[in-house]
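# Observations on chain architecture
Below, each chain spelled out in residue letters.
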Amino acid sequence: MSPHTLLDTRELPWEDNPGIPGGKMKVLARASEGWPSVILNWLPPGIGEGAEPHRHYHRTVREHGLVLHGELPMVEFESLEAERGAAVLFREGYCMDRSPGSVHGLDPRFTSQIGFTILEWRTGTGTYLTEEGACEESIVLPAPAEVDELAPSGRPGVVVDGPALRLLDTRELPGEELDEWPGARIQRVALGADGSTTTAIVQLAPGAADPSSAICADAARAYVLEGQIVLGSGRVLRAGCYADPVLGTCVAGATGGRVLRF
């Protein structure tokens, strides 16, 4: 990829994902070593059906993702010592921040009936179980067939908020209005170790300026979820467009816009 990338992901062809049997992917960015670092992943209906229950965790890689379409039944474990996990149905609008050591797997009782599409970005490779390097990065363990129900968090939009996994439902998560940025509402969906915002979803009224450069200065990339975003160059990005980095001040188009900054 060039130092400055603008992509309309709707025009990119799907290719086989060698790390997920039956899966397809669109690679939006690669690390300097060549492995895909920002990916649109599609999993087919029936993924994992008939497989033996198992769980795994990643030794060093931090994973982020925003579900764009579909659903995927998962099981999340509080720790490596937990005997049973809790069922979590990943659905459209769910945003994931998964740290190394977070134990998870597919729900052995169900499979996706409609497939699953997620925009994913990660800090390393080997997180897909048949990907090169997975044997060193991803530790696979057996899992019980019995699954508990997930206890409600009691907070709007918060599905799981544990030490190794933060999972939010952005359709329900309250947004924060910013007095100094009229027309902008922000959802802070991932935080750094110092509490700073590293990933945000920004809803912009028509003509409103994107505050991301001030709120999450390191979030150089953008993926347009809805509406239109106009870059400082005048280039218009529509839903499904990806920019890395975002150059200049960007504002929402005539219909407003909703953008992921990460």
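This one's a predicted model, so the numbers in the text were calculated from it and none came from an experiment.

## Points about the overall build of the protein chain
Along the protein chain, the regular secondary structure elements total two helices and 21 strands. Relative to the compact-globule value of 18 Å for 262 residues, the protein chain shows a C-alpha radius of gyration of 18 Å, a close match. Expressed as lengths along the three principal axes of its C-alpha atoms, the size of the protein chain is roughly 55 × 40 × 35 Å. Across the 262 residues that make up the protein chain, the buried fraction comes to 49%.

## Some words on the state of the cysteines
Inspection of the entire model under this criterion finds zero disulfides. No disulfide involves C216; its nearest neighbouring cysteine sulfur is the one of C250, lying 11 Å away.

## Remarks on the pairing of strand β4 (residues 36-43)
By the criterion of burial, β4 is predominantly enclosed, with seven of the eight residues buried. The turn linking strand β3 (residues 24-30) back onto β4 is made up of five residues, and G34 within it adopts a positive phi angle of 110 degrees. Taken together, the six bridges between β4 and strand β10 (residues 116-122) define a ladder with antiparallel strand orientation. By the bridge assignment, L40 is partnered in β10 with L119.

## Describing the pairing of strand β14 (residues 165-169)
In terms of residue burial, β14 counts as a mostly covered element, since four of its five residues are buried. With five bridges connecting them, strand β8 (residues 94-98) and β14 associate as antiparallel partners. Each residue of the ladder has a partner; that of Y94, found in β14, is D169. Two elements, strand β13 (residues 158-161) and β14, share three bridges in a ladder whose sense is antiparallel.

## What about the environment of E172?
Its location among the elements puts E172 in the loop between β14 and β15 (176-177). A C-alpha to C-alpha distance of 14 Å links E172 and M96, two positions 76 residues apart in sequence.

## A word on the pattern of salt bridges
The full count for this structure, using the stated rule, is 15 salt bridges. For K24, the salt bridge is made with D16, and the minimal N-O distance between the two is 2.4 Å. The exposure class of D16 is exposed, given its relative accessible area of 54%. A salt bridge links R62 to D97; the nearest nitrogen and oxygen atoms lie 2.6 Å apart.

## So, the packing of aromatic side chains
Following the criterion strictly, the structure yields three aromatic pairs and no others. Ring plane angle 55 degrees and centroid distance 6.3 Å describe the contact between F90 and Y94, whose orientation is recorded as tilted. Taking the relative accessible area as the measure of exposure, F90 reaches 4% and is therefore buried. Take Y94: its relative accessible area is 6%, and that puts it in the buried class. Ring centres 6.3 Å apart and planes at 40 degrees place the aromatic pair Y242 and F262 in the tilted group. A residue pair is termed long-range when its members are at least 10 positions apart, and Y242 in strand β20 (residues 241-244) and F262 in the segment after β21 (251-261) qualify at 20 residues. Just as Y242 is buried, F262 falls in that class too. Grouped by ring-pair contacts, the aromatic residues W121, Y242 and F262 constitute a single cluster.

## A closer look at unusual backbone geometry
In most cases, non-glycine residues show a negative phi, while peptide bonds are predominantly trans. Residue P245 is reached from D244 by a cis peptide bond, and omega for that bond is -10 degrees. Secondary-structure assignment places P245 in the loop between β20 and β21.

## Quick word on the side chain of S138
Within the secondary structure, S138 is located in strand β11 (residues 138-142). A polar contact is formed between the side chain of S138 and the side chain of H58, at a distance of 2.9 Å. Beyond its immediate chain neighbours, meaning those up to four positions away, S138 contacts Y57, H58, G126, T127 and L129.

## What about the environment of G195?
Considering the arrangement of structural elements, one finds G195 in the loop between β16 (184-191) and β17 (197-204). Separated by 117 residues in the primary sequence, G195 and E78 have C-alpha atoms spaced 22 Å apart.

## Here's the deal with the side chain of H104
With respect to the secondary-structure elements, H104 resides in strand β9 (residues 103-106). Owing to a relative accessible area of 4%, H104 belongs among the buried residues under this scheme. With residues up to four places along the chain from it excluded, the contact list for H104 reads R55, H56, H58, E63, M74, V75, E76, F77 and R98.

Cut-offs and rules
Residues numbered from 1 in each chain as written. Predicted model: local features only at pLDDT ≥ 70, side-chain atom pairs only at ≥ 80, totals over all residues. Heavy atoms only, no water. Helix = DSSP H or I, 4+ residues; strand = E, 2+ residues; numbered from the N terminus. Rg over C-alpha atoms; globule rule 2.2 N^0.38 Å. Buried < 20%, exposed > 50% of the residue type's maximum accessible area, 1.4 Å probe, protein only. Disulfide = S-S within 2.5 Å. Pairing = 2+ DSSP bridges. Salt bridge = Lys/Arg side-chain N within 4 Å of Asp/Glu carboxyl O. Phe/Tyr/Trp six-rings, centres within 6.5 Å; stacked < 30°, edge-to-face > 60°. Polar contact = N/O pair within 3.5 Å; in protein donor to acceptor, adjacent residues only side chain to side chain. Contact = heavy atoms within 4.5 Å.

Remember, this is a structural readout, not a statement about activity or role.
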